[in-house]
Amino acid sequence: MQTTLLLGLSLALSAGALPANAATVSNPPAATHPTAAPRTTTTDLGNAQTWLPDKTLRNWIEKNLQGQVAPTEAGASTPTITDANLAQYISQLTSLSDANIPITQPRASTTDLPQPSKITDWTGLDKFTNLTEFTVVEADRLNLTSLHQLSFSFAPQLAVLQLQYGGDTQAPDDSQRLWNRQLDLKIPAQTFIDQLLPNNPHLTTLELSGLGLTGSIPHLDHFPLISNVRLNANHLSGKITALPRLHEQPSDQSPLLSVGQNDLSGYLPDLRSLNGTFAYDQNHLLTSLINLPQHPNYNNNHSAGYDQSFDVGSLGDPSTTPAHPINLSALVQKFQWQVQDATTGQATPTRLKLITNIPPVILQMKGDHPDVDHDADATAFFKLTQNADGDTLATPTATTPAGAYWITGLPSDDPQAPYSANIIFHLTKTSPAVVPPLPTPTPKPQPEPQPELPQPTTPMTPDPTPTPKPSVKPQLSGNATNVTSPSLLHPLTNHLPDRPSQHSATQHRTQASTSRPATPHPTTNQTLPQTGDHTPWLAILLGGGSLLGLVGWRRKFH
């Protein structure tokens, strides 16, 4: 203490000893500021372009450092940070944030407007070992591949790490609020945290929102001072079996664990050990919490568990005649809810009540998530009635369009209850069944016509053409007559050798060509020609005519 007072007194006396005209000495122009002496013993790395190659990262660091660097001497001007002298002020950079200094590419001149850019290479960032805060609220300015490689093992004093993207922003056409704008890391949250923060025991605040992280809620045991954790708008899923223990800071704000806008489901575990606020809005959880510690950012816990969503699927075709009423009261009682006291851990079953006293009763969902601020009031599309049990019925009308609708249930009549459930149902118009025409039968393949093979035929033996002979007059020799003319012979006379039997001509010709002896039988008479084409009847007629002529001839000469 005495040393401090003496030092202060010495400085005061030194200031009083300055010349009277010292205050009137003007500072030199900014462009001619003398370069301040290095305040660290860091080896001069030379121009930053050689060891910090990403120009967007380099530009962002220099702008942040410009607001943190201090003059080396009292009354001296703040030095201008450039690529040439950046290495001299490495140790003075304690915070990197785009909250006020956006990530942009360097401007070619002071009149150019800043242009957004992306950081793709983290080489050289590990030189800034005194970092205590790293905040990026527009994480789409960070290349996904570079995010996979980012690690803060070089900064053991890091206390605040925030990487977020999206949030409650409007769509370009202002049609809906984009609840779940996300990057597409597709990395388990635990894996990403272990890679990003392997040796950072002084971490107090961690936000990884809108990055597309998967898996379950990570454990945070290696951060003994952690007190503020936000893992909103990711793809965390499954049942919650345990929650990380948060460190209580010496302040009036209680610790906070926020896992809203994810896909967590089921019931919450016993939360008696919870020592802070637990925000779990916009999931699919069936537990309503009461008596939660208060946190200023969550409106006294009134929104800790609001907008849990449950989809019951399609409830039919609105154009069906007659239309079927939908029991809205039964829909909000379809699931088995429970309410848990966060101070005692006691959970009891509860039933939700349909909100009918706060319009609108039914809303038509425009996006992929219920949004009371932008979804349209669709109550007029239905006819609301009550049955004998007091249940609210909604009957579609002729003007009810197909689409997704939702209603809200609360565990009590208090609109400020810390829990609400949105029940989503769908009306789907069924197209009339269209009977397709019968397919034209495919003709069966016909075998290709085969060329006709020649039928085997029995070889025909040509009939010999008889050589015409001159007429032979009968010669008389006493009472006997020697008849040598074939036309005068009766076919039935026994002196006709080898007379064929009564078979077909073809068979006779075949046998004649194959079995007839090569040498004819000897005969005293002239051998008749073998004419197989005359039938026996023709032979009889000819023979009979010849006989009658012979008898008449004999009578004439006797």
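Everything discussed here concerns the structure shown above.
Computed from a predicted model, the values in this text were never measured in an experiment.

Each value, and the rule that gives it
Residues numbered from 1 in each chain as written. Predicted model: local features only at pLDDT ≥ 70, side-chain atom pairs only at ≥ 80, totals over all residues. Heavy atoms only, no water. Helix = DSSP H or I, 4+ residues; strand = E, 2+ residues; numbered from the N terminus. Buried < 20%, exposed > 50% of the residue type's maximum accessible area, 1.4 Å probe, protein only. Contact = heavy atoms within 4.5 Å. Areas by Shrake-Rupley, 256 points an atom, 1.4 Å probe, with all protein chains shown as cover. Salt bridge = Lys/Arg side-chain N within 4 Å of Asp/Glu carboxyl O. Pairing = 2+ DSSP bridges. Core = buried A, V, L, I, M, F, W, Y, C linked by side-chain atoms within 4.5 Å. Arc of directions from axis to C-beta.

> Can you break down the overall build of the chain residue by residue, with the values?
Scanning the chain for helices and strands turns up 8 helices and 28 strands. The buried share of the chain, reckoned over its 558 residues, is 36%. For the chain, restricting intrachain contacts to residue pairs at least 6 apart in sequence, the fraction spanning at least 24 positions comes to 65%. Looking at the chain as shown, the accessible area adds up to about 33100 Å², and 55% of this sits on carbon and sulfur atoms.

> Account for unusual backbone geometry, naming residues and giving values.
Unusually for a residue other than glycine, K186 sits at a positive phi of about 55°. In this fold, K186 is placed in the loop between β7 (177-178) and α5 (189-196). Assessed through its relative accessible area of 58%, K186 is described here as exposed. Positive phi is not limited to glycine here, since Q282 has a value of about 55°. Tracing the backbone through its elements, the reader meets Q282 in the loop between β13 (277-279) and β14 (284-285). In this structure Q282 comes out as buried when scored by relative accessible area, which is 3%.

> Provide a residue-level description of the pattern of salt bridges, including the pertinent values.
Considering all chains together, one arrives at 5 salt bridges under this definition. Across the salt bridge formed by E138 and R141, the nearest N and O atoms sit 3.1 Å from each other. Relative accessible area serves as the criterion here: at 31%, E138 is assigned to the partly exposed category. Overall, R141 belongs to the buried group, its relative accessible area being 15%. We note a salt bridge from R272 to D270, for which the minimum N-O separation is 2.7 Å.

> Lay out the sheet that holds strand β12 (residues 263-266) in plain terms, naming residues and giving numbers.
Taken in spatial order, the 3 strands line up as β10-β12-β14 in an open sheet, and their pairing is parallel. Looking at which strands have only one partner, the edges of the open sheet turn out to be β10 (237-239) and β14. With 3 bridges connecting them, β10 and β12 associate as parallel partners. The residue bridging K239 from the neighbouring strand is S265, located in β12.

> An account of the nonpolar core is needed here, citing residue identities and associated values.
Within the largest apolar cluster, 92 residues are counted, with the highest numbers of intra-cluster contacts made by F134, L163, F278 and F425. With 5 residues, strand β26 (residues 419-427) is the single largest residue contributor to this core. If you look at the next biggest cluster of nonpolar residues, it comprises 5 residues, including L363, A404, W406 and I424.

> An account of α5 is requested, with residue identities and associated values reported.
In an α-helix, one full turn covers 3.6 residues, which means residues spaced three or four apart are oriented alike. Buried within α5 we find A189, Q190, F192, I193 and L196. Projected down its long axis, α5 carries its buried residues within an arc of 165°, all on one side. Elements in contact with the buried residues of α5: α4 (144-149), β5 (160-164) and β8 (205-209).

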